[in-house]
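# Results of the structural survey
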Amino acid sequence: MAEPTAGGDARFDRVAIIGLGLIGSSLAHAIKRGNLAGEIVGAARTEQTRATALRLGFIDRAEADPAAAAEGADLVVIAVPVGASGAVARAIAPALKPGAIVTDVGSVKQSVIDAVRPHLPDGVHLVPAHPVAGTEESGPEAGFAELFEGRWCILTPVAGTDEGAVARVAALWRAVGSQVDTMDPRHHDMVLAITSHLPHLIAYTIVGTATELENTLQQEAIKFAAGGFRDFTRIAASDPVMWRDIFLANKDAVLEMLGRFDEDLTALQRAIRYGDGKALEEWFTRTRAIRRSIVEAGQA
Ligand code: NAP
């Protein structure tokens, strides 16, 4: 990873945010709080989301048509489930002004680049981004300005991207409280497969398995959830559409990490079967040290 060019201007005359869920609304709140835009225009499919956004006041204008929101914007932020990014790019392309910067917040990067880039006209800069911050909530009411504070935002610009555009997107994320790094998009997808996507898959599995149990066992799983199960239910409550898209978009990296996970699970299964306490203790000691280093890095 490399530190992106410092010193870009974090303030934009007009920012358009396409998709006003947890991430889009949080970014809008943070931009408003920091006075980082002359105007924030939001686009959402449903009338309810647009009305909520205007009521909460994190955007200045709401549009149903993403192109109408993107028109005249200096920065367009695509904040929809990753599987919808390509369709949004196709819709906004004719409305983008020369020199505009298009960015996104998707949890998977290579597939978003592949889906968005072909639609963008020459002279428009694509700077993909992934704020590594979130909650299990979704929708426009879930957003808050502090979401990105102290969290990483990873930029994955392809080679040859205008450095000034990268610096401006980096400056915006710093201005909303994040630390910024750049990465190759495929590398990003591999790192996130193990740190985020696989843990979600495991949580979805465990909670799914518990719901298949016979009725009494299932009720006790809920009653005594504090024994670890509760943390998995929190993760497994994450948005189904968003996570469907993440697994479909990051298939190769997730399957690679799942293969490794499977081998390690078999090794632990074997240790339990053969009473190999030493192997189990060594394993758990190693994982405990990883938790300590995450706490020390301020990412707990
Ligand atoms: P969210 O709260 O579910 O909001 C999604 C927004 O996208 C809503 O405004 C929704 O519009 C709109 N939308 C959904 N499907 C669409 C479609 N097919 N076409 C156009 N618009 C559509 O989602 P989120 O958590 O903000 O996630 C947005 C992006 O951020 C995703 O790409 C996700 O991978 C990424 N991300 C999420 C997290 C997290 O923890 N949640 C963290 C980092 C990055 P309506 O409200 O009108 O239905």
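Structure report, in brief. (Residues numbered from 1 in each chain as written. Predicted model: local features only at pLDDT ≥ 70, side-chain atom pairs only at ≥ 80, totals over all residues. Heavy atoms only, no water.)

## So, the overall build of the chain
- Each helix and strand counted, the chain has 12 helices and nine strands in total.
- Against the compact-globule benchmark of 19 Å for 300 residues, the chain has a radius of gyration of 21 Å, which places it among compact chains.
- Judged by the C-alpha coordinates and their principal axes, the chain covers about 65 × 40 × 35 Å.
- The proportion of buried residues among the 300 residues of the chain is 43%.
- Only carbon and sulfur atoms are counted for the fraction: they give 54% of the accessible area of the chain, which is about 15500 Å². (Helix = DSSP H or I, 4+ residues; strand = E, 2+ residues; numbered from the N terminus. Rg over C-alpha atoms; globule rule 2.2 N^0.38 Å. Buried < 20%, exposed > 50% of the residue type's maximum accessible area, 1.4 Å probe, protein only. Areas by Shrake-Rupley, 256 points an atom, 1.4 Å probe, with all protein chains shown as cover.)

## Focus: the environment of Pro81
- With respect to the secondary-structure elements, Pro81 resides in the loop between β4 (75–78) and α4 (85–92).
- Between the alpha carbons of Pro81 and Arg45 there is a distance of 13 Å; along the sequence they are 36 residues apart.
- Every residue in contact with Pro81, bar those within four places of it in the chain, is listed here: Val241, Met242 and Asp245. (Contact = heavy atoms within 4.5 Å.)

## Regarding the packing of aromatic side chains
- Applying the stated criterion to the full structure yields two aromatic pairs.
- When the centroid spacing of 5.0 Å and the interplanar angle of 85° are considered together, the rings of Phe148 and Trp173 count as edge-to-face. With a gap of 25 residues between them, Phe148 in the loop between β7 (129–131) and β8 (152–155) and Trp173 in helix α6 (residues 163–175) connect regions that are remote in the sequence.
- On the basis of relative accessibility, which here comes to 0%, the residue Phe148 falls in the buried class. (Phe/Tyr/Trp six-rings, centres within 6.5 Å; stacked < 30°, edge-to-face > 60°.)

## A look at the sheet that holds strand β1 (residues 12–18)
- Spatially, six strands are ordered β3-β2-β1-β4-β5-β6 in an open sheet, and the strand pairing comes out parallel. Two strands lie at the open edges of the sheet, namely β3 (61–63) and β6 (125–127), each paired on one side alone. For this sheet the average axis-to-axis angle between neighbouring strands, irrespective of direction, equals 20°.
- Looking at chain direction, strand β2 (residues 37–43) and β3 are connected through three bridges and run parallel. Its bridge partner being in β3, Ala43 is matched across the sheet by Glu63. (Pairing = 2+ DSSP bridges. Axes fitted to C-alpha atoms, helices over the stretch in contact; angles between N-to-C directions.)

## So, the environment of Asp74
- In this structure, Asp74 sits in the loop between α3 (66–70) and β4.
- For Asp74 and His200, which are 126 residues apart along the polypeptide, the C-alpha to C-alpha distance reads 35 Å.
- In this structure, Asp74 is in contact with Phe12, Asp13, Arg14, Lys97, Ala100 and Ile101, ignoring residues within four places of it in sequence.
- A polar atom in the side chain of Asp74 sits 3.3 Å from the backbone nitrogen of Asp13. (Polar contact = N/O pair within 3.5 Å; in protein donor to acceptor, adjacent residues only side chain to side chain.)

## Concerning the nonpolar core
- Of all hydrophobic cores here, the largest spans 41 residues; its most connected members are Val15, Ile17, Ile31, Leu75, Phe148, Leu155 and Trp173.
- For this core, the secondary-structure elements that each account for two or more residues are β1, α1 (22–33), β2, β4, β8 and α6.
- In terms of residues, this core owes the most to one element, α6, which gives seven residues.
- Those residues in contact with Ile17, other than ones at most four positions away along the chain, are Gly24, Ala28, Ile40, Val41, Gly42, Ala43, Val77 and Ala79.
- Residues Ala43, Ala70, Val88 and Ile92 belong to the second largest nonpolar core, which totals 21 residues. (Core = buried A, V, L, I, M, F, W, Y, C linked by side-chain atoms within 4.5 Å.)

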